[in-house]
Amino acid sequence: MKIARFSHNDGIRYGILDESEIVVLDGDPMFAGYQPTGERVPVADVALLAPVIPRSKVVCVGRNYHDHAAEFGNVAPEEPLLFLKPNTAVVGPGDSIVRPAISERTEFEGELVAVIGRIAKNVSAENALDYVFGYTIGNDVTARDLQRKDGQWTRGKGFDTFCPLGPIIETEFEAATARLETRVNGEVRQQAPLADMIHSVADIIAYASAAFTLLPGDVIMTGTPAGVGEIVAGDSVEIEISGIGVLRNPVRDASPAA
């Protein structure tokens, strides 16, 4: 099922995408189940929002494709390289990625995102996928110059708007056969099968949950393939994953301080 979080008639609601319509649900299906209200609304009449706002954290994995590690002159890590983004970085489809004035180089990174559906602590890789509610698409936007300057990644990857998610959550998804493609202004910049990931979704969940508790609604960004690059004001970034959809976001500069 394709689960949408959307704005309609000044309210935020959840539903199941059914071709050109959304079957409206009573509440967030992660917590309330799949109880329909009997209402259907055309997709054209709603604004899709980030399909989930993490309750506590966005867990990210660095250098999880050999070719991406190589393009920056790095060796792929033997274990998942974890870092966090604040949930205030999350925006939805169509929202602007805002380039901060203090950075001279902002870059895109298209990624598969796993959405946690159950409390997970010290789970095994064999059971890890039982804790996944579904999958969506993310953009691990990065102020590359600040990342390099700081020597750690929190500030460079944590600005507001630096975690677009969407357009929906797909609850039935097979990463082994899916492909990711990122386009900037229609030009293909990244292409890779998700099977090229070094550490699988299950391995990442097991590794992360050994360190900290994963809560329902937390998301795990699984890393980006080679081809990342700069985005500037006026650009449009599209990240497509077969079986999920397309996440689109325009880019703008931060407004001058008053």
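Our subject is the structure that appears above.
Residues numbered from 1 in each chain as written. Predicted model: local features only at pLDDT ≥ 70, side-chain atom pairs only at ≥ 80, totals over all residues. Heavy atoms only, no water.

Visitor: Quick question: what am I supposed to make of the overall build of the protein chain here?
Guide: Scanning the protein chain from terminus to terminus reveals five helices and 20 strands. Computed over its C-alpha atoms, the radius of gyration of the protein chain comes to 18 Å, within 12% of the 18 Å expected for a compact globule of 258 residues. For the protein chain, the C-alpha atoms occupy an extent of roughly 55 × 50 × 35 Å along the three principal directions. Expressed as a percentage of the 258 residues in the protein chain, the buried residues total 53%. In the protein chain, the proportion of contacts linking residues at least 24 apart, taken out of those at least 6 apart, comes to 72%. A total of about 11,200 Å² of accessible surface is found on the protein chain, and carbon and sulfur atoms cover 48% of it. Across the protein chain, 22 positive and 36 negative side-chain charges occur, with their mean positions spaced 5 Å apart. (Helix = DSSP H or I, 4+ residues; strand = E, 2+ residues; numbered from the N terminus. Rg over C-alpha atoms; globule rule 2.2 N^0.38 Å. Buried < 20%, exposed > 50% of the residue type's maximum accessible area, 1.4 Å probe, protein only. Contact = heavy atoms within 4.5 Å. Areas by Shrake-Rupley, 256 points an atom, 1.4 Å probe, with all protein chains shown as cover. Lys, Arg positive; Asp, Glu negative; His and termini not counted. Charge placed at Lys NZ, Arg CZ, Asp CG, Glu CD.)

Visitor: Looking at this structure, I do not really get unusual backbone geometry. What am I missing?
Guide: Peptide bonds are mostly trans, and most non-glycine residues show a negative phi. Of the consecutive residues Gly-166 and Pro-167, the connecting peptide bond is found in the cis state with omega at 0°. With respect to the helices and strands, the residue Pro-167 is situated in strand β14 (residues 163-170). In the Ramachandran plot, Asp-10 falls in the positive-phi region, its phi being about 65° despite a non-glycine side chain. Position of Asp-10 among the secondary structure elements: in the loop between β1 (2-8) and β2 (11-18). With relative accessibility at 84%, the residue Asp-10 sits in the exposed group. A positive phi angle, close to 55°, is found at Arg-63, a residue other than glycine. Given the relative accessible area of 27%, Arg-63 is considered partly exposed.

Visitor: Is there a simple way to think about the sheet that holds strand β10 (residues 106-108) in this case?
Guide: Remark on secondary structure: sheet strands pair via backbone hydrogen bonds, oriented parallel or antiparallel. Read from one edge of the open sheet, three strands run β13-β10-β18, paired in antiparallel fashion. Across the chains shown, the open sheet's two edge strands, defined by having one partner strand only, are β13 (142-143) and β18 (229-231). (Pairing = 2+ DSSP bridges.)

Visitor: What is the right way to read helix α5 (residues 201-209) from this model?
Guide: Since the α-helix advances by 3.6 residues per turn, residues separated by three or four positions end up pointing in the same direction. Counted residue by residue, α5 has seven buried out of nine residues, so it is predominantly covered. All of the buried residues in α5 are Val-201, Ala-202, Ile-204, Ile-205, Ala-206, Ala-208 and Ser-209. The inward-facing, buried residues of α5 abut β6 (58-62), β7 (81-85), β11 (110-116), β12 (132-139) and β17 (219-221).

Visitor: When you look at the sheet that holds strand β20 (residues 245-253) in this model, what are you seeing that I'm missing?
Guide: Reading across from one edge, β9-β20-β19-β15-β16 is the order of the five strands in this open sheet, with mixed pairing throughout. The sheet is open, and its two borders are formed by β9 (97-99) and β16 (187-193), each paired with just one other strand. Direction aside, the axes of adjacent strands within the sheet are offset by 20° on average. Of the pairings in the sheet, the one linking strand β15 (residues 179-184) to β16 comprises six bridges and is antiparallel in character. Across the sheet, residue Arg-183 finds its bridge partner in β16, namely Val-188. (Axes fitted to C-alpha atoms, helices over the stretch in contact; angles between N-to-C directions.)

Visitor: Looking at this structure, how should I read the nonpolar core?
Guide: General note: in soluble globular proteins, nonpolar side chains tend to be found buried as a group. Ranked by internal contacts, the top residues of the largest apolar core, which has 48 residues, are Leu-112, Phe-173, Leu-194, Ile-205 and Ile-241. The dominant element in this core, judged by the number of residues it contributes, is α5, at four residues. Grouped together as the second largest cluster of nonpolar side chains are 21 residues, Met-30, Cys-60, Ala-89 and Met-221 included. (Core = buried A, V, L, I, M, F, W, Y, C linked by side-chain atoms within 4.5 Å.)

Visitor: Quick question: what am I supposed to make of the packing of aromatic side chains here?
Guide: The geometry of an aromatic ring pair is captured by two quantities: the separation of the ring centres and the angle between the planes. Tallied over the full model, the rule gives three aromatic pairs. Between Tyr-135 and Phe-173, the aromatic rings sit 5.3 Å apart at their centres with planes inclined by 45°, giving tilted as the arrangement. Taken together, the residues Tyr-135 in strand β12 and Phe-173 in the loop between β14 and β15 connect sequence positions 38 residues apart. Neither residue differs from the other here; Tyr-135 and Phe-173 are each classed as buried. Aromatic side chains Phe-159 and Phe-162 sit 5.3 Å apart centroid to centroid with 55° between the ring planes, which places their arrangement in the tilted category. Across the pair, exposure class does not vary: Phe-159 and Phe-162 are buried alike. (Phe/Tyr/Trp six-rings, centres within 6.5 Å; stacked < 30°, edge-to-face > 60°.)

Visitor: Which parts of the structure should I look at to understand the side chain of Lys-57?
Guide: Here Lys-57 shows up in the loop between β5 (47-48) and β6. Assessed through its relative accessible area of 12%, Lys-57 is described here as buried. Polar side-chain contacts of Lys-57 include one of 2.7 Å to the backbone oxygen of Thr-213. Within the structure, Lys-57 has its side chain in polar contact with the side chain of Asp-218 (distance 2.8 Å). Not counting residues within four places of it along the chain, the set of residues in contact with Lys-57 comprises Lys-85, Phe-212, Thr-213, Leu-214, Leu-215, Asp-218 and Val-219. (Polar contact = N/O pair within 3.5 Å; in protein donor to acceptor, adjacent residues only side chain to side chain.)

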